[in-house]
Amino acid sequence: VRGPRGDLPLLAPMSRIAGRLAPQAGAWALQMANGGSGVLLGGVPGVPPARVLVIGAGSVGANAVRIAVGFGAQVTVMDRDTDRLDALDRHYAGRVETSASDPAALDEEIARADLVIGAVLAPGRRAPKLIRRETIRRMRAGSVIVDVAIDQGGCAETSRPTSHTQPLFVEEGIVHYCVPNMPSACARTATLALAQVTLPHVVALAGLGMPEALRRDAGLREGLQVHAGRLTDAALAAELGRDFIPVDQALGLA
Ligand SMILES: NC(=O)c1ccc[n+]([C@@H]2O[C@H](COP(=O)([O-])OP(=O)(O)OC[C@H]3O[C@@H](n4cnc5c(N)ncnc54)[C@H](O)[C@@H]3O)[C@@H](O)[C@H]2O)c1
């Protein structure tokens, strides 16, 4: 489902929660008992704070930056979209470093980070594998990757989905947190946030019926992925190597 500016209004609240949870999960994973390197995110006077790298400056990334800054960490955020970096640069006025995410710069920043938060999204596609195994081997043992993009396959080559009961695993000496549905850890906040954005659509679908609700709302129409057994999303169809029928045609609107 798309908003008027091409944004993803139903995903956004979940992304905000996952983004705000990511530094918290990372801070916990960095603790010794969890296999972490024993670095405290905020450091203490006389001992430098942890280096946190956030890859992706969208909803997840911007919220992760906010909390990591709150923890007192030394934060770098990377993206290929310089407008997003510009917004964060202006907001944090020097408190956060921003960097364009070319492969060489990414490798260098990942290798020296205590905590890497993967927050990229390629809409309708699997996440790009920006965190390479080779680079992970250069990180200090016990450093942490929180791969928030795991619900889209993950952006680290070493990532595989985990659960809330067993959220962590160690690969190449690095602690990985790869829970595909992070907001369910904070279900009370998540339910309220999700209900706020979904309820108007539920009311429209219940009141008007599916075809009419979709006819009236182009953004909701874009959320239709499958209709009468046929894929209606071009990107998903391309990813799966299947045929697709445009939404308007499937609904008899074209
Ligand atoms: N695990 C969870 O519980 C959970 C919850 C919410 C969202 N997510 C996932 O988190 C990811 C981020 O979501 P979002 O809402 O922040 O998306 P978003 O579209 O708001 O932001 C994604 C950012 O990634 C950047 N990006 C894309 N490809 C890139 C590349 N190759 N190099 C550098 N930057 C790149 C984009 O420019 C954009 O700024 C998605 O994969 C989403 O599915 C996971």
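Rules of the game
- Residues numbered from 1 in each chain as written.
- Predicted model: local features only at pLDDT ≥ 70, side-chain atom pairs only at ≥ 80, totals over all residues.
- Heavy atoms only, no water.
- Near = heavy atom within 4 Å.
- Polar contact = N/O pair within 3.5 Å; in protein donor to acceptor, adjacent residues only side chain to side chain.
- 1 Å grid on protein atoms, 1.4 Å probe; cavity = no way out; pocket = protein on both sides within 12 Å on 5 of 7 lines; lining within 4 Å.
- Sits in = over half its atoms within 2 Å of the grid points.
- Helix = DSSP H or I, 4+ residues; strand = E, 2+ residues; numbered from the N terminus.
- Pairing = 2+ DSSP bridges.
- Axes fitted to C-alpha atoms, helices over the stretch in contact; angles between N-to-C directions.
- Points joined across faces, edges and corners; volume = space filled by probe spheres on them.
- Nonpolar A, V, L, I, M, F, W, Y, C, P; charged D, E, K, R; others polar.
- Buried < 20%, exposed > 50% of the residue type's maximum accessible area, 1.4 Å probe, protein only.
- Contact = heavy atoms within 4.5 Å.
- Left-handed = near helix turned anticlockwise from the far one by under 90°.
- Expected span 1.5 Å × (residues − 1).

> Please explain the site of the ligand as it appears in this structure.
Around the ligand, 26 residues are found, and the nearest of them are Ser15, Asp79, Arg84, Asp151 and Met182. Backbone polar atom of Val179 to a nitrogen atom of the ligand: 3.1 Å apart, as the coordinates give it. Most atoms of the ligand, that is more than half of them, are within 2 Å of grid points of the largest pocket. Where the shell around the ligand is concerned, the elements lending two or more residues are helix 1 (12-29) and helix 2 (59-71). It is helix 1 that contributes the most residues to the shell around the ligand, three residues altogether.

> Looking at this structure, I do not really get the sheet that holds strand 7 (residues 174-177). What am I missing?
Pairing between sheet strands relies on hydrogen bonds along the backbone, with the strands arranged either parallel or antiparallel. With respect to topology, seven strands assemble into an open sheet ordered 3-2-1-4-5-7-6, the strand pairing being mixed. Either end of the sheet is taken by a strand with one partner, and the two such strands are strand 3 (96-100) and strand 6 (168-171). The sheet shows a mean angle of 20 degrees between the axes of neighbouring strands, direction not considered. Sheet topology note: the strand 5 (residues 144-147)/strand 7 ladder contains three bridges and is parallel. When the sheet's bridge partners are listed, Ile145 is paired in strand 7 with His176.

> So what exactly am I meant to see when it comes to empty space enclosed by the protein here?
Once rolled over the atoms, a probe with the size of a water molecule shows which space is left empty. Scanning the entire structure with this criterion turns up one cavity of 30 Å³ or more. Size it by volume and the largest cavity reaches roughly 40 Å³. Lining the largest cavity, in full, are Arg51, Val52, Leu53, Gln74, Thr76, Glu109 and Ala113. The set of elements that each furnish at least two residues to the lining of the largest cavity consists of strand 1 (51-55) and strand 2 (74-79). The biggest single contributor to the lining of the largest cavity is strand 1, with three residues. Grouping the amino acids of the lining of the largest cavity by side-chain chemistry returns three nonpolar, two polar and two charged.

> How should the environment of Leu192 be read in this particular structure?
By secondary structure assignment, the location of Leu192 is in helix 6 (residues 187-208). Spatially, the C-alpha atoms of Leu192 and Ala87 are 28 Å apart, while their sequence positions differ by 105 residues.

> Please explain the layout of surface pockets as it appears in this structure.
Approximately 1,000 Å³ is the volume attributed to the largest pocket. Along its surface, the largest pocket is lined by 41 residues, and Gly58, Ser59, Ala119, Val120 and Leu121 are the ones closest to its centre. Of all the secondary-structure elements, those providing two or more residues to the lining of the largest pocket are helix 1, helix 2 and strand 2. Sort the elements by how many residues they give to the lining of the largest pocket and helix 1 lands first, with five residues. Tallied by class, the residues present in the lining of the largest pocket amount to 24 nonpolar, nine polar and eight charged.

> Teacher, can you tell me more about the side chain of Thr135 here?
Here Thr135 lies in helix 5 (residues 133-136). Owing to a relative accessible area of 1%, Thr135 belongs among the buried residues under this scheme. Excluding its chain neighbours within four sequence positions, the residues that come into contact with Thr135 are Asp107, Ile110 and Ala111.

> Would you mind going over the packing of helix 1 against helix 2 with me for this structure?
Any two packed helices are characterised by how steeply their axes cross, that is the angle between the axes, and by the distance between the axes. Between helix 1 and helix 2, the least distance of the axes is 7 Å, while the angle of their chain directions is 35 degrees. As helix 1 runs across helix 2, the sense of the crossing is right-handed. Together, Ala12, Ser15, Arg16, Gly19, Arg20, Pro23, Gln24 and Ala27 of helix 1 and Ser59, Val60, Asn63, Ala64, Arg66, Ile67, Ala68 and Phe71 of helix 2 make up the contact between the two elements.

> Just to check I follow, could you spell out the side chain of Thr76 for this structure?
Topologically, Thr76 is positioned in strand 2. When sequence neighbours within four positions are dropped, the list of residues in contact with Thr76 reads Val52, Leu53, Val54, Glu97 and Glu109.

> Would you explain helix 2 in this entry?
Helix length check: helix 2 (13 residues) gives 19 Å between terminal C-alpha atoms against 18 Å at 1.5 Å per residue, within 8%. Regarding helix 2, the residues found buried are Val60, Gly61, Asn63, Ala64, Val65, Ala68 and Val69. Of the residues one or two after helix 2, Gly72 is the one with positive phi, at around 90 degrees.

> Would you take a moment to explain the pairing of strand 4 (residues 115-118) for this structure?
Two faces belong to every sheet, and in a regular strand the side chains alternate between them. Neither face of strand 4 is open: one carries Leu115 and Ile117, the other Val116 and Gly118, and all of them are buried. As paired elements, strand 1 and strand 4 share four bridges and run parallel to each other. Directly across from Val52, in strand 4, lies its bridge partner Leu115. Pairing of strand 4 with strand 5 involves four bridges; the strand directions are parallel. If you follow Leu115 over to strand 5, its bridge partner there is Val144.

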